[in-house]
Amino acid sequence: MQMTLRWFGNGLDTVTLDQIRQIPGVVGVVPALHDLPAGEVWPLERLQALRDTVHAAGLTMECIESVNVSDDIKLGNATGQKHIQNYIESIRNCAAVGVKVICYNFMPVFDWTRTDMAMPLSDGSTCLCYDAKHVEGKSPEDIFRELSESGDFAMPGWEPFRIPTIKALFAAYKGVTADDLRANLKAFLDAITPVCEECGVKMAIHPDDPPWPIFGLPRILSTADDLRWLFSAVPSEMNGSTFCTGSFGAGSFNDLPAMIREFGPRIYFAHLRNVEQRPGWFNETAHLSSAGSLDMYAIVKALHDCAPHWVFVRPDHGRMLWGETARPGYGLYDRALGAAYLNGLFEAVEKGS
Ligand code: DNO
């Protein structure tokens, strides 16, 4: 197990590499070239510079989050074919700088979605929350309008520059079914897997967040059945999962320890956080089990028992506390507390076994 923290890069993150290095037990970061649009090649020189910066701070960079997959690839169109060739070049370049795992997702149009970025908790901290009633019956344009009124554009996929493209994207997805999306994911994986095998880079797909369709767009990585389909469709061991407890765990229909026990050998990256599940909505919480609906001990124990090869782990979204201002979900304090707690759980299961 390698405990890491997500890092958005110099100038893009309020958290510095020096701060990350001081969190006990955190040995690496999972960064990305966030300025490059999905579909473009990640140039080798940019990756080398990023790796050198991370190494100079005494940290590892063996897992990338994310090399984003373009909507053209998800739609399976002609531009998508060109983007797949670019993706293959990015995989080779990542391998050349020592990357072993690439996290990505296959959610159409948007990445994770929340309806409130600063929901107050009773202890005075704030957290991210998703309430279906703020989404159902609304168009993405409505949501963009609300976001621009509040000045809050922190969610990936909801950046202001995308507003003019959103209508066309929704039109492109009109009629695209979950089966179409599955076929396009399989075609993408079939094309890149030989290169992953050659370079020793494992792909780790991130689940849908929330784990159900939104805005009428299909979502295909939300349940144990979806993972079963994924691993039977592309049996290569290069095809793996980012097991995000907060994403799968937002649905009470998912039994997380059971899923880890079933899919453990294909889990290469774990995002560990807790959520409070409620009918129609959920909010994020502090990491520890007593703060939310998930049994974090059972999750860590299952990872320890069933994903015994190296797995990259990171504490996921934190609350905002102690007056910190940062990218929602990605401040220093609560993620550092999360890492310390998770390291304690890992030590307990390792010594107890
Ligand atoms: C949320 C993250 C996701 C993840 C992407 C991977 O905080 O876990 O945005 O990075 O879905 O492509």
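Quick caveat: nothing in here was measured; it's all calculated off a predicted structure.

Basis of the calculations
Residues numbered from 1 in each chain as written. Predicted model: local features only at pLDDT ≥ 70, side-chain atom pairs only at ≥ 80, totals over all residues. Heavy atoms only, no water. Helix = DSSP H or I, 4+ residues; strand = E, 2+ residues; numbered from the N terminus. Rg over C-alpha atoms; globule rule 2.2 N^0.38 Å. Buried < 20%, exposed > 50% of the residue type's maximum accessible area, 1.4 Å probe, protein only. Patch = residues over 30% accessible without salt bridge, like charges linked within 9 Å, V, L, I, M, F, W, Y side chains within 5 Å. Areas by Shrake-Rupley, 256 points an atom, 1.4 Å probe, with all protein chains shown as cover. Salt bridge = Lys/Arg side-chain N within 4 Å of Asp/Glu carboxyl O. Near = heavy atom within 4 Å. Polar contact = N/O pair within 3.5 Å; in protein donor to acceptor, adjacent residues only side chain to side chain. Pairing = 2+ DSSP bridges. Axes fitted to C-alpha atoms, helices over the stretch in contact; angles between N-to-C directions. Contact = heavy atoms within 4.5 Å. Phe/Tyr/Trp six-rings, centres within 6.5 Å; stacked < 30°, edge-to-face > 60°. Arc of directions from axis to C-beta.

A. Geometry of the overall build of the protein chain. Helix and strand counts for the protein chain stand at 12 helices and 12 strands. In terms of overall size, the protein chain behaves like a compact globule, its C-alpha atoms giving a radius of gyration of 19 Å where 353 residues would be expected to give roughly 20 Å. When the backbone C-alpha atoms are referred to their principal axes, the protein chain occupies close to 50 × 45 × 40 Å. In the protein chain, which comprises 353 residues, the share counted as buried stands at 57%.

B. Here's a closer look at a nonpolar patch on the surface. A surface patch of nonpolar side chains, about 330 Å² in accessible area, is lined by Trp322, Tyr333 and Leu337. The residue Leu337 is located in helix H12 (residues 333–352) in this model. Overall, Leu337 belongs to the partly exposed group, its relative accessible area being 40%.

C. Main features of the site of the ligand. Neighbouring residues of the ligand: 15 residues in total, closest Glu65, Ser66, Asn105, His317 and Tyr330. In this structure, Glu65 approaches the ligand through a side-chain N or O atom, which is 2.5 Å from an oxygen atom. One nitrogen or oxygen atom from the side chain of Arg314 is found 3.4 Å from an oxygen atom belonging to the ligand. If the ligand stood free it would expose 330 Å²; the protein chains cover 99% of that surface. Among the elements that line the shell around the ligand, the one with the most residues is strand E4 (residues 101–105), at three residues.

D. Structural view of the sheet that holds strand E7 (residues 202–206). Spatially, the eight strands line up as an open sheet ordered E2-E1-E12-E9-E8-E7-E4-E3, and their pairing is parallel. Here the strands that pair on one side only, and so sit at the sheet edges, are strand E2 (28–30) and strand E3 (63–65). Sheet twist, expressed as the average angle between the axes of neighbouring strands with direction ignored, equals 30°. Two strands pair when backbone bridges link them, and strand E9 (residues 267–272) and strand E12 (residues 312–315) are joined in this way by four bridges, in the parallel orientation. Counted as the bridge partner of His271 is Arg314 from E12. Where helix H4 (residues 78–96) meets the sheet, it contacts E3, E4 and E7, and its direction lies at approximately 150° from that of E4.

E. A look at the environment of Asn68. Turning to its location among the elements, Asn68 is positioned in the loop between E3 and helix H3 (71–75). Linking Asn68 and Gly39, residues 29 residues apart in sequence, is a C-alpha distance of 7.5 Å.

F. Seen up close, the packing of aromatic side chains. All told, the structure shown has 13 aromatic pairs when counted by the stated rule. Between the aromatic rings of Phe110 and Phe170, the centroid separation amounts to 6.1 Å while the plane-to-plane angle is 50°, which identifies the pairing as tilted. Linking Phe110 in the loop between E4 and strand E5 (116–120) with Phe170 in helix H6 (residues 163–173), this pair joins segments that are 60 residues apart in sequence. Residues Phe110 and Phe170 agree in their burial class; the two are buried.

G. Expanded view of the sheet that holds strand E10 (residues 275–278). Here four strands make up an open sheet; going across it, the order is E5-E6-E11-E10 and the pairing antiparallel. Looking along the sheet, the strands with just one partner apiece sit at the ends: E5 and E10. The mean inter-strand angle of the sheet, taken between neighbouring strand axes irrespective of direction, is 30°. The sheet contact formed by strand E6 (residues 126–131) and strand E11 (residues 281–284) spans three bridges and is antiparallel. From the neighbouring strand, Asp131 faces E11, where its bridge partner is Trp281.

H. Summary view of helix H10 (residues 256–263). Among all positions of H10, only Leu256, Met259, Ile260 and Phe263 are buried. For H10, the angular spread of the buried residues around the axis is 100°, confining them to a single face. For H10, the N-terminal capping position is held by Asp255, with its side-chain oxygen 3.2 Å away from the main-chain nitrogen of Ala258.

I. Just the pattern of salt bridges, in detail. For the structure shown, the criterion picks out 24 salt bridges. The residue Glu62 makes a salt bridge to Lys100 at a minimum N-O spacing of 3.3 Å. Within this pair, whereas Glu62 is found in the loop between helix H2 (44–56) and E3, its partner Lys100 is found in the loop between H4 and E4, the two being separated by 38 residues in sequence. Across the salt bridge formed by Glu347 and Lys351, the nearest N and O atoms sit 2.6 Å from each other. Taken as a pair, Glu347 and Lys351 lie in helix H12 at a separation of four residues, close to a single helical turn. Its relative accessible area of 65% is what places Lys351 among the exposed residues. Overlapping salt bridges, with partners in common, bring together Arg6, Glu65, Arg114, Asp209, Arg273, Glu284, Arg314 and Asp316 in one network.

Purely spatial values, then, with no claim about function.
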